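Structure assessment
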Amino acid sequence: EAGVVQSPRYKIIEKKQPVAFWCNPISGHNTLYWYRQNLGQGPELLIRYENEEAVDDSQLPKDRFSAERLKGVDSTLKIQPAELGDSAVYLCASSLGETSGQETQYFGPGTRLLVL
Amino acid sequence: GENVEQHPSTLSVQEGDSAVIKCTYSDSASNYFPWYKQELGKRPQLIIDIRSNVGEKKDQRIAVTLNKTAKHFSLHITETQPEDSAVYFCAAPGAAGNKLTFGGGTRVLVKP
């Protein structure tokens, strides 16, 4: 069974440019998460989806970040415009979505973003 | 929200020795405590987890203990091997359920 798939794996852009990340969760997983991981730190949740619904986006900087999961399967995370401080690894994770609070989250390989 | 603190930030051990990493959490509603291992440039991978109805769980050389009264949990790695070298993260969900808050990570180096 394929794990969580993310693309691209690496992205280098200049500040003020837009960028988008794509995630395909494990088949059958209803819950999808986007995390940001700064160098030397733990992942921080940006947004969580249950099927198509964003149920927790309190940590998403809504002035420049947006996300969607239109059909309840794959998802995109966009930054427009990017700033220097957005340089980080953006991780996608998924879980079954059956047991609140006690589910294993499976992570994708991440997209490493560098903003110049 | 939940606050998770992890210590130490770095840990160097001799091959064959034990390693212990400790985490404290703030929200007494947390009931699930996973540990992830992240090798350089790779994805975090779950290595063990514990639920609040048990105090200890073991899987070969890895064990996790939980003290709900004191709100802390620990990862124990015995007979460490060079392939155990990685960054380890603890996490707790708080009252919000699937919203995991991660600790700051512990970089473990196992010296041969």
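See the structure above.
The following refers to the structure shown. As a convention, each chain's residues are numbered from 1 in the sequence order in which they are written. The naming scheme follows written order: chains are lettered A onward, ligands numbered 1 onward. Local features in a predicted model are, by the rule used here, given only for residues with pLDDT of at least 70; side-chain atom pairs are given and counted only at 80 or more, and totals for whole chains, interfaces and linings are based on all residues. For side-chain calculations, the full set of non-hydrogen atoms in the structure is used, while hydrogens and water are omitted.

Once that is clear, we can look at the state of the cysteines. Residue and element names in this part refer to chain B. Cysteine sulfur atoms are paired as a disulfide whenever they come within 2.5 Å of each other. With the rule as written, the count across this model stands at two disulfides over all chains. Disulfide pairing is shown between cysteine 23 and cysteine 90; the S-S distance is 1.9 Å. Classification of the bridge connecting cysteine 23 and cysteine 90 rests on its S-S torsion, roughly -95 degrees, and on that basis the disulfide is left-handed. Residue cysteine 23 is located in strand E3 (residues 19-25), and its partner cysteine 90 is located in strand E9 (residues 86-92); the two are separated by 67 residues in the primary sequence. Numbering goes from the N terminus for both helices and strands, where a helix is a DSSP run of H or I of at least four residues and a strand is a run of E of at least two.

Next up on the list: the sheet that holds strand E6 (residues 56-59) of chain B. Residue and element names in this part refer to chain B. Criterion used throughout: strands pair if DSSP finds at least two bridges between them. Spatial ordering of the open sheet is given by E1-E3-E8-E7-E6, a layout of five strands whose pairing is antiparallel. The outermost strands of the open sheet, each flanked by one partner alone, are strand E1 (4-7) and E6. For this sheet, the mean angle separating the axes of adjacent strands, direction not counted, is 15 degrees. Bridging between strand E7 (residues 62-67) and strand E8 (residues 72-77) involves six bridges; their strand directions are antiparallel. From the neighbouring strand, leucine 66 faces E8, where its bridge partner is phenylalanine 73. Every angle, taken between N-to-C directions, lies between 0 and 180 degrees, and every axis is a line fitted to C-alpha atoms, over only the stretch in contact when it is a helix.

Before going further, it helps to examine the packing of aromatic side chains. The description of an aromatic ring pair rests on the distance of the ring centres and on the angle between the ring planes. Pairs were defined over the aromatic rings of Phe, Tyr and Trp, the Trp ring being its six-membered one, requiring ring centres within 6.5 Å. Orientation was assigned from the angle between planes: stacked under 30 degrees, edge-to-face over 60, tilted for the rest. Scanning the model with the defined rule gives 12 aromatic pairs over all chains in all. Summarising the aromatic geometry, the rings of tyrosine 35 of chain A and phenylalanine 107 of chain A are spaced 5.3 Å apart at their centres and angled 45 degrees between planes, so their arrangement reads as tilted. Here tyrosine 35 of chain A, found in strand E4 (residues 31-37), pairs with phenylalanine 107 of chain A, found in strand E10 (residues 106-107); they are 72 residues apart in sequence, far enough to count as distant. The classification of residues rests on relative accessible area computed with a 1.4 Å probe and restricted to protein chains. Under 20% of the type maximum is buried, over 50% is exposed, and intermediate values are partly exposed. Residue tyrosine 35 of chain A is classed as buried on the basis of its relative accessible area of 0%. Through a chain of ring-to-ring contacts, three or more aromatic side chains come together here, namely Tyr33, Tyr35 and Phe107 of chain A together with Tyr36 and Phe102 of chain B.

We now examine the pairing of strand E5 (residues 44-50) of chain A. Residue and element names in this part refer to chain A. Within E5, five of the seven residues are buried, leaving the element largely enclosed by the surrounding structure. Pairing of E4 with E5, which is carried by six bridges, proceeds in the antiparallel orientation. Bridge pairing in E5 links arginine 36 to glutamate 44. Adjacent in sequence and paired antiparallel, E4 and E5 are bridged by six residues, among which glycine 40 carries a positive phi angle near 80 degrees. Hairpin connection, E5 to strand E6 (residues 53-56): the antiparallel pair is bridged by two residues, and asparagine 51 has positive phi, about 55 degrees.

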